[in-house]
Amino acid sequence: EVPSRERLERMWLQLSRLHGDVLTSQTELRRLLEVGPELIPPVSVEAKTSLFVLLSEHLHDTAARAASCLTSRAPEAAPGRLPPAAEEALDFVHAASAWRRLAVPSSLMARALRAACLVDSELCLRMLRDSLFGPLFVAARALPCEASLHQTADKLLAELWPAGAREFA
């Protein structure tokens, strides 16, 4: 049986409210963790290592893929913008940094990136700067998209973990 339009609308409203509640709770949790990281229980060395090894491998693969998109000439990006394929490679960072809009990203790597920020925000942001954006800045040097890449990186890092991103500016 197909649900009625009215029932679908009620379900949508309930899901929207639930999504809003989760976003509110996550925002409060992040705020608390920024001022008191000791509030979360310790993470085992093995769990932290596994998470950051996974993230490191993905960041290196993403950097190589996105850098290749930047240096290839097809398809061209709009003036001052990243090529679409390079933007697509960064989708998981966009999803992870959308804390205020997206309760649970569908991408496993976006969720891993969020978890890494909660476990060790300083290390996570350093890895993003060094392993992902650093190689992209080199690849984009003197290209029309160079300024756009720097703006994108600054915006994503600030949204991902505002308190830590200021230290890297």
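Just so it is clear, the structure is predicted and the values come from calculations on it, not from any experiment.

Participant: Quick question: what am I supposed to make of the overall build of the protein chain here?
Facilitator: Secondary structure summary: the protein chain contains eight helices and zero strands in total. Listing each helix as α and each strand as β along the protein chain from the N terminus yields α-α-α-α-α-α-α-α. Projected onto its principal axes, the C-alpha coordinates of the protein chain cover approximately 55 × 45 × 25 Å. Burial analysis of the protein chain (169 residues in total) assigns 37% to the buried set. Long-range pairs, those at least 24 residues apart, make up 69% of the contacts in the protein chain between residues at least 6 apart in sequence. As displayed, the protein chain has an accessible area near 10100 Å², and 59% of this comes from carbon and sulfur atoms. Averaged over its 19 positive side-chain charges, the protein chain has a centre that lies 4 Å from the centre of its 21 negative ones.

Participant: Whenever I open this one, the confidence of the model for the protein chain confuses me. Can you help?
Facilitator: In low-pLDDT regions, the fine details of the predicted coordinates are not to be read closely. For the protein chain, mean pLDDT is 87; residues scoring 70 or higher make up 93% of the total. The lowest-confidence element of the protein chain is helix α8 (residues 162–168), averaging 58 in pLDDT; the highest-confidence one is helix α4 (residues 91–97), averaging 96.

Participant: I keep staring at the pattern of salt bridges and nothing clicks. Help me out?
Facilitator: Side chains bearing opposite charge may pair, as long as their charged atoms lie close to each other. A full pass over the atoms with the stated rule returns seven salt bridges. In this structure, Arg126 and Glu122 form a salt bridge, with 2.8 Å as the shortest nitrogen-oxygen distance. Of the two residues, Arg126 and Glu122 are both situated in helix α6 (residues 121–140); the distance of four residues between them amounts to about one turn of the helix. For Arg126, a relative accessible area of 32% translates into the label partly exposed. Classification of Glu122 as partly exposed rests on a relative accessible area of 42%. For Asp154, the salt bridge goes to Arg129, with nearest N and O atoms at 3.4 Å. With Asp154 in helix α7 (residues 146–160) and Arg129 in helix α6, this residue pair connects regions lying 25 residues apart in the sequence. Given the relative accessible area of 41%, Asp154 is considered partly exposed. Residue classification places Arg129 among the buried positions, given a relative accessible area of 17%.

What counts and what doesn't
Residues numbered from 1 in each chain as written. Predicted model: local features only at pLDDT ≥ 70, side-chain atom pairs only at ≥ 80, totals over all residues. Heavy atoms only, no water. Helix = DSSP H or I, 4+ residues; strand = E, 2+ residues; numbered from the N terminus. Buried < 20%, exposed > 50% of the residue type's maximum accessible area, 1.4 Å probe, protein only. Contact = heavy atoms within 4.5 Å. Areas by Shrake-Rupley, 256 points an atom, 1.4 Å probe, with all protein chains shown as cover. Lys, Arg positive; Asp, Glu negative; His and termini not counted. Charge placed at Lys NZ, Arg CZ, Asp CG, Glu CD. pLDDT = per-residue confidence, 0-100. Salt bridge = Lys/Arg side-chain N within 4 Å of Asp/Glu carboxyl O.

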